[in-house]
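# Structural features, examined
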Amino acid sequence: MTSDQFEIGNLFRIVKPGLPAPEDRRIKLIIDKGAFGSGEHETTASCLEMMERMPEIKGSRLLDLGSGTGILAIGALKLGADDAVCVDISPDAIRTCEHNCALNDLRTRVRLVTGTLASLKGEVFDLVVANIYGDLLLDLADQLVAGVRSGGHLLLSGILWEYNFDVRQAYQRLGCELVENRMLQEFSTLRLKRGN
């Protein structure tokens, strides 16, 4: 693979806009990088790899908090999620996200919100994805757990190793079951299921 395209996991191929990609079984994600990454970072790749093993994504309603380029929401929608809400505090990130959703013909299935988790006013989702810093995941634990339905899933990444234990403990104390704890080179990714 060239720098213009690369593979993630067993299912995804990340491609720059306007470039041909091999016709194969891989799911093509067209991402115009912008300033917010396009899958090269280990936390983004880890989330995509974990999502491709989650049959629960099909038909789900997704929240992507700290959406950046929108790559995780786009990946989830191409895996069969029904719709997504992308939230980022950066207007530039939201513009990039909108552009990438349009490149992937998904604009009508994504709601874009410039703001914070509080901007959603208590909405509930089947799957919450948050690839943000570990200290933020600790600060937002109550709100994030409240934002996922009973039996729904949280996919949390951007967690430096030293935050891993504290983040796990915080979400487990709030009634979440740890499904997978994946340690990367510097960061970690957690998949949790909210109890009933």
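Small disclaimer: the values here were computed from a predicted structure and weren't measured.

What counts, and at which threshold
Residues numbered from 1 in each chain as written. Predicted model: local features only at pLDDT ≥ 70, side-chain atom pairs only at ≥ 80, totals over all residues. Heavy atoms only, no water. Axes fitted to C-alpha atoms, helices over the stretch in contact; angles between N-to-C directions. Helix = DSSP H or I, 4+ residues; strand = E, 2+ residues; numbered from the N terminus. Parallel < 35°, antiparallel > 145°, perpendicular 65-115°, else oblique. Left-handed = near helix turned anticlockwise from the far one by under 90°. Contact = heavy atoms within 4.5 Å. Nonpolar A, V, L, I, M, F, W, Y, C, P; charged D, E, K, R; others polar. 1 Å grid on protein atoms, 1.4 Å probe; cavity = no way out; pocket = protein on both sides within 12 Å on 5 of 7 lines; lining within 4 Å. Points joined across faces, edges and corners; volume = space filled by probe spheres on them. Salt bridge = Lys/Arg side-chain N within 4 Å of Asp/Glu carboxyl O. Buried < 20%, exposed > 50% of the residue type's maximum accessible area, 1.4 Å probe, protein only. Pairing = 2+ DSSP bridges. Polar contact = N/O pair within 3.5 Å; in protein donor to acceptor, adjacent residues only side chain to side chain.

The interhelical angle for the contact between helix H1 (residues 42–51) and helix H2 (residues 71–78), taken along N-to-C directions, is 15 degrees, at an axis separation of 10 Å. In terms of axis orientation, H1 runs roughly parallel to H2. The handedness of the crossing between H1 and H2 comes out as right-handed. Listed contacts from H2 to Thr 44, Cys 47, Leu 48 and Met 51 of H1 are Ile 71, Leu 72, Gly 75 and Ala 76. Residue classes in the contact of H1 with H2 are distributed as six nonpolar, two polar and no charged.

Once that is clear, we can look at empty space enclosed by the protein. It is a probe the size of a water molecule, rolled over the atoms, that shows where empty space is left. What the rule picks out here adds up to one cavity of 30 Å³ or more. Mapped by element, the contributors of at least two residues to the lining of the largest cavity are strand S7 (125–131) and strand S8 (148–160). A per-element tally of the lining of the largest cavity places S8 first, with three residues. A class-by-class count of the residues in the lining of the largest cavity yields three nonpolar, three polar and three charged.

Here the focus is the pattern of salt bridges. A side chain with one charge may pair with a side chain of the opposite charge, provided their charged atoms come close. This structure, assessed with the given rule, holds 12 salt bridges. Here Glu 123 and Arg 111 are joined by a salt bridge, their closest N and O atoms 2.5 Å apart. One end of the pair, Glu 123, is in the loop between strand S6 (110–114) and S7; the other, Arg 111, is in strand S6, with 12 residues separating them in the sequence. The class of Arg 111 is partly exposed, set by a relative accessible area of 37%. One salt bridge in this structure joins Asp 126 and Arg 149, with 2.6 Å as the shortest N-O distance. A residue pair is termed long-range when its members are at least 10 positions apart, and Asp 126 in strand S7 and Arg 149 in strand S8 qualify at 23 residues. Exposure remark for Asp 126: the relative accessible area of 23% places this residue in the partly exposed category. Overlapping salt bridges, with partners in common, bring together Glu 7, Arg 13, Asp 24 and Arg 26 in one network.

Here three strands make up an open sheet; going across it, the order is S1-S2-S3 and the pairing mixed. Since the sheet does not close on itself, it has two edges, and those belong to strand S1 (5–8) and strand S3 (27–30), each with one partner. Adjacent strand axes in the sheet meet at a mean angle of 25 degrees when their direction is disregarded. Here strand S2 (residues 12–15) pairs with S3 via four bridges, running parallel. Among the inter-strand pairings, Ile 14 is bridged to a residue of S3, identified as Leu 29. Packed on one face of the sheet, H2 meets S2 and S3 and runs near 150 degrees to S3.

We now examine the side chain of Ser 157. Mapped onto the fold, Ser 157 is located in strand S8. For Ser 157, a relative accessible area of 0% gives the class buried. Among the polar contacts listed, one links the side chain of Ser 157 to the backbone oxygen of Ser 188, at a separation of 3.4 Å. There is a polar contact of 2.8 Å between the side chain of Ser 157 and the side chain of Thr 189. Excluding residues that lie within four positions of it along the chain, Ser 157 makes contacts with Thr 43, Cys 47, Ala 130, Asn 131, Ile 132, Leu 137, Ser 188 and Thr 189.

Right, let's talk about the sheet that holds strand S9 (residues 176–183) for a bit. Across the sheet, seven strands lie side by side as S6-S5-S4-S7-S8-S10-S9; this open sheet has mixed pairing. Looking along the sheet, the strands with just one partner apiece sit at the ends: S6 and S9. Each adjacent strand pair in this sheet contributes to an overall mean axis angle of 15 degrees, direction not counted. When strand S5 (residues 83–88) meets S6, the two strands line up parallel, connected through five bridges.

Without other data, these values stay purely geometric and don't point to any function.
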